Structures are given as structure tokens and as C-alpha cells.
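Summary of structural features
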Amino acid sequence: MEITTVAFGIPFRHSTIYASSSSTTEPSSQTQFPPKSIKFAKSKPFSARKSPKLQIQHASDLPSTLTRVGEMLTVKELNATLNHFGNSNKFNNISQLFLWMQENKKIDAYSYSHYIKFMANKLDASAILKLYNNIEDASAKDNVYICNSVLRCLLRNGKFDTTIKLFRQMKEDGLVPDLVTYSTLIAGCVKVKDGYPKTLELIQELQHNNLRMDDVIYGAVLAVCASNGKWEEAECYFNQMKSEGRTPNVYHYSSLLNAYSACGDFQKADLLIQDMKSEGLVPNKVILTTLLKVYVRGGLFEKSRELVAELESSGYAEDEMPYCVLMDGLAKTGQIHEAKVIFDEMMKKQVRSDGYAHSIMISAFCRAKLFQEAKQLAKDFQTTGKKYDVVIMNSMLCAFCRAGEMESVMETLRKMDELAISPDYNTFNILIKYFCSKNMYLLAFRTVEDMHSKGYQPMEELCTSLIFHLGQTKAYPEAFSLYNILKYSKRSICKALHEKILHILLAGKLLKDAYVVFKDNATFISGPTTKKFARAFMKSGNINLINDVMKALHNCGYKIDPDLFEMAVSRYLGQPEKKDLLLHLLQWMPGQGYVVDPSTRNLILKNSHLFGRQLIAEVLSKQRVKLKAQKSQ
């Protein structure tokens, strides 16, 4: 298991504009009280004396209150009310009020900005896109505050590609990006595979727009470099930042330190810590934990233990992260016993744990083929663990699968379902491998289907093996379905797989599907397999597709022999109602250099009464004449 230390926490600049209005009146110290003899008129109920804004803010039935007094409020007052509901976490009221504002055309850019800000965690990508696309006011749609909020919300939903595509469209529609826009997008590059090249494009673009990188953008760029293992580039940006007279803060230092951890360069890390201290910055928990990561990557385990002790004395080892970093490093270098010692010490000290320490040790035991130890630790966690997530569940599944504990595997899956923990890519692969090892190929196939439906691409090697086994167990439709899952995924599949599935389909007599595979991949099919397919289809395939198969065979360079034509003709003679198909085949042949042999010719003439003797005679005569003319040219 890869341990990831949070190496920075870039403080986002809020671009949302707050709107609020309030008025207070101080009572006069000279207030004169009326004489007791004066009678006051009966007061109105308090609800009637409240301003329309206060009535809405304290309404028990917001829709009816809006219908009654909403028109009395200005857009600014409604925005202030949105802000009030947001600060009070009244999300249902925010939605109701915003919808009313939309329907009554009492809305502006600030309204959208407030709404997106407070509802960001409640809106999925499709909802935020629909909201943005439905903005009718062009000036609001290219408002930089709204655009930044929308882009940030999409990134929070993990939709990086969608975010970049929308950003390009926003610019075409009139958006003028600011530094917040670029810092938002660059921060989003941290979690994507090609994040660094995308970051370079954004940096070039902001510079082209005469904008200068500030502290926040430098922090985001350093974080991208760290997440992509670009320590030299991170170092370059860090020095560039200092050369511009900027003073790096703890987030910049931690990001560069995290970049050094990728290569385990402890010497550079130590120098950086010294530089940081010389600037008057005190290493915090994140810095020291990241330094620990550098030492572990560099193989300095003794120094790592000393640093863990320092973290403990500073009160920074109350949770499991430092121990997990050290345990993971030891386990991955084969020092299982040493890792277990750290684990036992951590348990003895009752360090707060979310289960990751157990996950590391379970995975370590599995890698070392200590399956019983892994199984026992997984059972221990089931007994004592309080916090579950997909990582610990995967570790437990792996342990039980490797130990062959089917009952425990199913129990863990039920636990995941009970806790609403969604399986991830690793979960599916663990289960598929296990089911295959137990010859439970149909269950493995259904797991791949579920994996595909959740948006994960299955491993080609694993699926190829499963296709073979499904074919052997005569699960032909399932094998073909799995082939299609691979074929239509974004990955390019092994060319040999097309011929393998063709053999499986022929064995299962799924000839129509076999034709589709052959037609789409004829150049990858060998001659013997092509011949086997052709004869099988002429013998038993859909009669309506015989001519199409003939053309596909010819187009791929396969020389159709007389026996194949005779098989096709025999099929047509058996169904006289298909005479048009027979005539079409006979008319097609000469143009491709084919002619029926004497045996097939006699067979056609013998049955010509079924199609019309005169018509057959003319077709056969034209066939010979056309062929002779071609040969004489």
C-alpha cells in the first residue's frame, strides 16, 4: 500500500462576494417615558411588525412566505438572505429561495456565486453544469466569480477533463480569467496523471495574458511537481519564487520536501529544513512527517525511528500516519518482522488509528505469503476496528482470498454493502482473481460486468485469461460479452484476442457474432481460422448473411474455393424463397474472378425449375461470358 502524506494545504482565495445588509438603532439615553395615565393602542403581532427580509429568514413555511412578501425585497436583500441561510447551514432553504429568485427574475451574479459556494458539497457535476448552462444573462455567464465557483465545484467532484473543456468554452464566450481561475485549475492538476504538462500549459497561458504567478499559484505548481515526481522542476520553481523576492511559507517548503521524498534525496531534504529554520519557520507536523517519508524512501530506517521519536515527543504522533510511513517502508523492503514490531508498539501505545496500519501489515503479510498471519490480523480488525473504508476492506479481502477463506470473503463483502462502502478498482481485481483461482468463472464474469458498470476498466491480461476459461466451460455468450467489454474500453487490446474469441464463438455456434468479429478484424485472423469460420458459416450460418460473408472473405484477400460456393448454393437450393440471394451471388461472382465449377453448375441446373429455368440459364450464361471477357483482356 502506498502511503501518501499530505504535504501542503494551499489556502484557496475566496472569490465569492458577500452581500449583507443590517441596520441598528441605539436607544437614546434621554428617552422620556409616557405618564401612566396614557393608554396605548393594542400592539400588532410580532410577525406582522417584522420586515419582509426577517419574515423570510425566520419563515417556517418559506415558499408561502416568499409568495406573500418576496416581491418587496430587492435582489441585494435576497442575496443577503441567501448568505444568512448559508451561514446557518439551512441548505433546503437555500435551494427554495434560489429557485424562487430564478423563477421571478430577481437574481444576479452574486446570487449564483452565493448559491454555488454554499451548495458546492450538495451539487454533483451534472447539476452544476445544468445550473451554469441555464444562465440566460450573458454578463452573468462570463462573470469571473461565477465561472471560478463552477470550475472549483467541478474539480471537487473529480471532473478534471470536464472542467478544462468548460474553461475553454467559457473563454470563447467572453470569460477573462484571473489569477484565482488559474490557481483553481492548477490545484486541480495535482490529482490527474498528466497534471504536470497541463500545469505548464496553464502557466504559459496566464503569462501570455500578462498575469504574474503569485504565492498561491507557486504553491499549487509545487504541489503538482511533487505529485508527479518532478523534484528538479519543483526546485526550479521554488528558487524562481525566491528570486522574485517572494518569501516561501510552510506550504511551499512542505511541497518541495514532498517532491524530494519521491526520489528519497535526504541530503537535499536536510538542507531544505535548515533553510526553512533560517527563515524563522518552525517545522510542523506535516513537515516532519514528510521528512520521515524522505528518510524511509532513502532507506534510512534508523534515522526514521529517531524522527518518529521526535514526532512523539512533540505531540505529533497521536495518530497512525508516522508509524504507517515507517511500517510501509520496512515492509516493502522485506523487513516484515521490523514492521510488525512498529505495529505492535503502536497498538500498545493505543495510537489513534483509522485502520491503515492494519491494512499495511495485512498487505505485507500477503506479499510475504504469510497468509494465515494476514487472515488472523484481518479477523482481529473485524473484532476491534471501528472505522472501515475501502482501503482496509481491500486488505482484508486480499488476506481472506489468499488464505482461501470463502466464507470470510463473502462476510467482508456483506460488511461493505452494510456500511455502503463502494468497491474500487482494486476491490474488483482482488475478487476476479480469487474467483478465477477457485474456478468460479461465471461469478468472476459477473464481477467484471459490475466493475465495468461502475466505470472501471478491467485488466486486459486478467480478462483474456477469463475469456479462455469461459470458453472452456462452454459459457460462450459470457466470453463474447467480456470480449466486447475489453474491445470498447479505451485501451487497445491484444490483436491475438480477436482470433481466440472467434474460435470460442465457432465452438458455441454463435456464427452471427463470429461474423461480426471476423468482419471487423479480418486482417488479424490467420488463414486456417478464416477457412474454419467460412465453412462453419456456409454450413450453419444465417442464410441471409451468406452473401455478406462471401464479400467479407473476398475483401480480406481470402481466395474462395469452389467447395465454399457449392455449400452456399446448396443452402439456397434448400430454400427456393431465397432465389434473389442466389441470383445476386451468381451475378457477383464473375466481377471478382469467380465462376461456379461444373459440379455446382449441374446442381443449379438440376434445380432450376425452382427458380425459373430460363432465368437460371441466362445468369449462368452471362457468368461464363463475363468471365471469358475478363480473361481475354
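This one's a predicted model, so the numbers in the text were calculated from it and none came from an experiment.

As a further point, take the overall build of the chain. The secondary structure content of the chain amounts to 36 helices and zero strands. Counting all 633 residues of the chain, 46% fall into the buried class. Long-range pairs, those at least 24 residues apart, make up 63% of the contacts in the chain between residues at least 6 apart in sequence. For the chain, the accessible surface area stands at approximately 32700 Å², while carbon and sulfur atoms represent 51% of it.

Examined against the element boundaries, aspartate 424 turns out to sit in the loop between α24 (406-418) and α25 (425-437). The buried charged residue aspartate 424 lacks any salt bridge partner; its closest oppositely charged side chain belongs to lysine 454, at an N-O distance of 12 Å. Engagement of the side chain of aspartate 424 in a polar contact is seen with the backbone nitrogen of asparagine 426, the distance being 3.1 Å. Filtering out sequence-adjacent residues up to four positions away, aspartate 424 remains in contact with Val390, Asn394 and Tyr456.

Turning next to the pattern of salt bridges. All chains considered together, the criterion is met by 16 salt bridges. Put simply, aspartate 344 and lysine 340 hold a salt bridge, and the shortest N to O gap is 2.8 Å. Note that aspartate 344 and lysine 340 are positioned in helix α20 (residues 336-348) at a spacing of four residues, about one turn of the helix. When salt bridges with common partners are traced through the structure, they connect Arg168, Lys171 and Glu205 into a single cluster.

Bringing the packing of helix α13 (residues 215-227) against helix α14 (residues 231-243) into the picture now. Closest axis-to-axis distance for the α13/α14 pair is 9 Å, and the angle between their directions is 165 degrees. Comparing the axis directions of α13 and α14 gives the class roughly antiparallel. Our pair here, α13 against α14, has a crossing hand that is left-handed. Contacts between α13 and α14 involve Asp215, Tyr218, Val221, Leu222 and Cys225 from the former and Glu233, Ala234, Tyr237, Phe238, Gln240 and Met241 from the latter. Of the residues assigned to the contact of α13 with α14, the class counts are eight nonpolar, one polar and two charged.

Take unusual backbone geometry next. A negative phi holds for most residues other than glycine; trans holds for most peptide bonds. In this structure, asparagine 89 is a non-glycine residue whose phi angle is positive, near 60 degrees. Mapped onto the elements, asparagine 89 comes out in the loop between α4 (75-87) and α5 (91-103). The class of asparagine 89 is exposed, set by a relative accessible area of 54%.

This paragraph deals with the environment of alanine 331. With respect to the helices, strands and loops of the structure, alanine 331 is situated in helix α19 (residues 321-332). The exposure class assigned to alanine 331 is buried, which follows from its relative accessible area of 5%. Sequence spacing of alanine 331 and alanine 368 is 37 residues, and the spatial spacing of their C-alpha atoms is 9.1 Å. Dropping the residues within four chain positions of it, alanine 331 is found in contact with Ile336, Ala339, Ala364 and Arg367.

Next up on the list: α5. Its 13 residues place the ends of α5 18 Å apart at the C-alpha level, agreeing with the 18 Å of an ideal helix rising 1.5 Å per residue. Buried within α5 are the following residues: Asn93, Ile94, Leu97, Phe98, Trp100 and Met101. When α5 is viewed along its axis, its buried side chains cluster within an angular range of 160 degrees and face the same direction. Structural note: α5 exposes Asn92 and Glu103 on the side pointing more than 90 degrees away from its buried face. As for α5, its buried residues are in contact with α3 (62-69), α4, α6 (109-119) and α7 (125-133). Lysine 105 sits one or two positions beyond α5 and adopts a positive phi of about 55 degrees.

Inspection of the secondary structure assignment puts aspartate 389 in the loop between α22 (371-384) and α23 (390-402). A polar contact is formed between the side chain of aspartate 389 and the side chain of tyrosine 356, at a distance of 2.6 Å. Within the local environment of aspartate 389, its side chain forms a polar contact with the backbone nitrogen of isoleucine 392, the two atoms lying 3.0 Å apart. Contact partners of aspartate 389, with chain neighbours within four places excluded, come to Tyr356 and Ile421.

The next subject is the environment of lysine 340. On the basis of relative accessible area, lysine 340 is assigned to the partly exposed category, the value being 25%. Separated by 20 residues in the primary sequence, lysine 340 and isoleucine 360 place their C-alpha atoms 9.9 Å from one another. With residues up to four places along the chain from it excluded, the contact list for lysine 340 reads Met361 and Phe365. Among the polar contacts made by the side chain of lysine 340, one reaches the side chain of aspartate 344 at a distance of 2.8 Å.

A few words on helix α28 (residues 476-487). Between its first and last C-alpha atoms α28 spans 16 Å; for twelve residues at 1.5 Å apiece the expected length is 16 Å, and the two agree. Those residues of α28 that fall on the buried side of the exposure criterion are Tyr476, Ala479, Phe480, Leu482, Tyr483, Ile485 and Leu486.

With respect to the helices and strands, proline 177 occurs in the loop between α10 (160-172) and α11 (179-188). With 34 residues separating them in the primary sequence, proline 177 and asparagine 143 have C-alpha atoms 9.4 Å apart. Every residue in contact with proline 177, bar those within four places of it in the chain, is listed here: Phe167, Lys171, Tyr182 and Leu211.

Attention now moves to the packing of aromatic side chains. Summed over the entire model, instances satisfying the criterion amount to 15 aromatic pairs. Plain terms: the ring middles of phenylalanine 98 and tyrosine 115 are 4.0 Å apart, the flat faces sit at 5 degrees to each other, and that makes the pair stacked. Placement of the pair is phenylalanine 98 in helix α5 and tyrosine 115 in helix α6, with a sequence separation of 17 residues. Taking relative accessible area as the criterion, phenylalanine 98 reaches 2% and is therefore assigned buried.

Another point: the confidence of the model for the chain. Residues with a pLDDT of 70 or more make up 89% of the chain, whose mean pLDDT is 85. A low-confidence stretch, residues 1-49 stays under pLDDT 50, and its non-local contacts, those more than four residues away or across chains, total 80 contacts.

Calculation rules
Residues numbered from 1 in each chain as written. Predicted model: local features only at pLDDT ≥ 70, side-chain atom pairs only at ≥ 80, totals over all residues. Heavy atoms only, no water. Helix = DSSP H or I, 4+ residues; strand = E, 2+ residues; numbered from the N terminus. Buried < 20%, exposed > 50% of the residue type's maximum accessible area, 1.4 Å probe, protein only. Contact = heavy atoms within 4.5 Å. Areas by Shrake-Rupley, 256 points an atom, 1.4 Å probe, with all protein chains shown as cover. Lys, Arg positive; Asp, Glu negative; His and termini not counted. Salt bridge = Lys/Arg side-chain N within 4 Å of Asp/Glu carboxyl O. Polar contact = N/O pair within 3.5 Å; in protein donor to acceptor, adjacent residues only side chain to side chain. Axes fitted to C-alpha atoms, helices over the stretch in contact; angles between N-to-C directions. Parallel < 35°, antiparallel > 145°, perpendicular 65-115°, else oblique. Left-handed = near helix turned anticlockwise from the far one by under 90°. Nonpolar A, V, L, I, M, F, W, Y, C, P; charged D, E, K, R; others polar. Expected span 1.5 Å × (residues − 1). Arc of directions from axis to C-beta. Phe/Tyr/Trp six-rings, centres within 6.5 Å; stacked < 30°, edge-to-face > 60°. pLDDT = per-residue confidence, 0-100.

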